[in-house]
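Descriptive analysis of the structure
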Amino acid sequence: MLSSIIRNPLVRRTFSARVVSQNEYETAADSTLEKLSDYFDQIADSYPVSDQFDVSHAMGVLTVNVSKSVGTYVINKQSPNKQIWLSSPMSGPKRYDLAEEDRWTYSHDGEKLDELLNREFRKILGDDRIDFSRHV
């Protein structure tokens, strides 16, 4: 069931990383983690989630324990590389760079962080109203 979420490896998108200062990176990464944390809290309040669903955000690390059956998402700052790293129990690890359009983008396939989270959490919760696009 969950393995059906993995993207088609033959689909490739273009990607253009932005050169950002350390301050720009820190501001963007902190803002993204804060907005994501808030949205995950909203999800817990608005959707039928597992009793194990738990969100914690501290020191540049956002942890979302979805359930025992799904697993845990970890999204964290990687300041030396100016990236946000994601560990997903469904799609594995990914490293996101800030792209030209100020969106966190995975360089290997061009997928945006919000697109991946939309796909996976829509599948987990069975609801197409999940929308991370304004929360990254």
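Residues numbered from 1 in each chain as written. Predicted model: local features only at pLDDT ≥ 70, side-chain atom pairs only at ≥ 80, totals over all residues. Heavy atoms only, no water.

- Going by the annotation in an unreviewed UniProt entry, the name recorded for the protein is ferroxidase, with Caenorhabditis remanei given as the source organism.
- Turning to the protein, the UniProt record has this under Catalytic activity (unreviewed entry): "4 Fe(2+) + O2 + 4 H(+) = 4 Fe(3+) + 2 H2O".
- Under the UniProt heading Sequence similarities (unreviewed entry), the note attached to the protein is "Belongs to the frataxin family." (UniProt positions renumbered as here; feature names shortened; annotations may be inferred.)

Considerations on a negative patch on the surface
- A cluster of like negative charges, contributed by Glu34, Asp38, Asp41 and Asp45, occupies part of the molecular surface.
- Here Asp45 lies in helix α1 (residues 22-46).
- Residue classification places Asp45 among the exposed residues on the basis of a relative accessible area of 69%. (Patch = residues over 30% accessible without salt bridge, like charges linked within 9 Å, V, L, I, M, F, W, Y side chains within 5 Å. Areas by Shrake-Rupley, 256 points an atom, 1.4 Å probe, with all protein chains shown as cover. Salt bridge = Lys/Arg side-chain N within 4 Å of Asp/Glu carboxyl O. Lys, Arg positive; Asp, Glu negative; His and termini not counted. Charge placed at Lys NZ, Arg CZ, Asp CG, Glu CD. Helix = DSSP H or I, 4+ residues; strand = E, 2+ residues; numbered from the N terminus. Buried < 20%, exposed > 50% of the residue type's maximum accessible area, 1.4 Å probe, protein only.)

A look at α1
- For α1, with 25 residues, the first-to-last C-alpha span of 36 Å sits near the 36 Å given by 1.5 Å per residue.
- Along α1, the positions that sit buried rather than exposed are Tyr25, Ala29, Thr32, Leu33, Leu36, Ser37, Tyr39, Phe40 and Ile43.
- Looking at the packing, one finds that the buried side of α1 touches β1 (54-58), β2 (61-67), β3 (71-78), β4 (83-88), β6 (104-106) and α2 (113-125). (Expected span 1.5 Å × (residues − 1). Contact = heavy atoms within 4.5 Å.)

Observations concerning α2
- The terminal C-alpha atoms of α2 lie 18 Å apart, and with 13 residues this matches the ideal 18 Å at 1.5 Å per residue to within 8%.
- What α2 keeps buried is the set Leu113, Asp114, Leu116, Leu117, Asn118, Glu120, Phe121 and Leu125.
- Along its buried surface, α2 packs onto α1, β2, β3, β4, β5 (92-98) and β6.
- One or two steps after α2, the chain reaches Gly126, where phi turns positive at roughly 65 degrees.

With respect to the sheet that holds β5
- Strand order in the open sheet formed by 6 strands is β1-β2-β3-β4-β5-β6, and the pairing between neighbours is antiparallel. With one partner strand each, in any of the chains shown, β1 and β6 form the two edges of the open sheet. Taking the axes of each pair of neighbouring strands and ignoring which way they run, one obtains an average angle of 20 degrees across the sheet.
- In this structure, β5 lies alongside β6, joined through 3 bridges in antiparallel fashion. Each bridged residue has a counterpart across the sheet, and for Leu98 the counterpart in β6 is Trp104.
- Against the sheet, α1 contacts β1, β2, β3, β4, β5 and β6, and its axis sits at roughly 160 degrees relative to β3.
- α2 contacts β2, β3, β4, β5 and β6 of the sheet and is inclined by roughly 165 degrees relative to β3. (Pairing = 2+ DSSP bridges. Axes fitted to C-alpha atoms, helices over the stretch in contact; angles between N-to-C directions.)

Re the side chain of Asp114
- Tracing the chain through its elements places Asp114 in helix α2.
- Residues in contact with Asp114, not counting those within four places in the same chain, are Arg103, Phe132, Ser133 and Val136.

Re unusual backbone geometry
- A positive phi is found at Lys82, a non-glycine position, where the angle reads about 55 degrees.
- By the secondary structure assignment, Lys82 is in the loop between β3 and β4.
- At Asp102, a residue that is not glycine, the phi angle is positive and equals roughly 60 degrees.
- With relative accessibility at 47%, the residue Asp102 sits in the partly exposed group.

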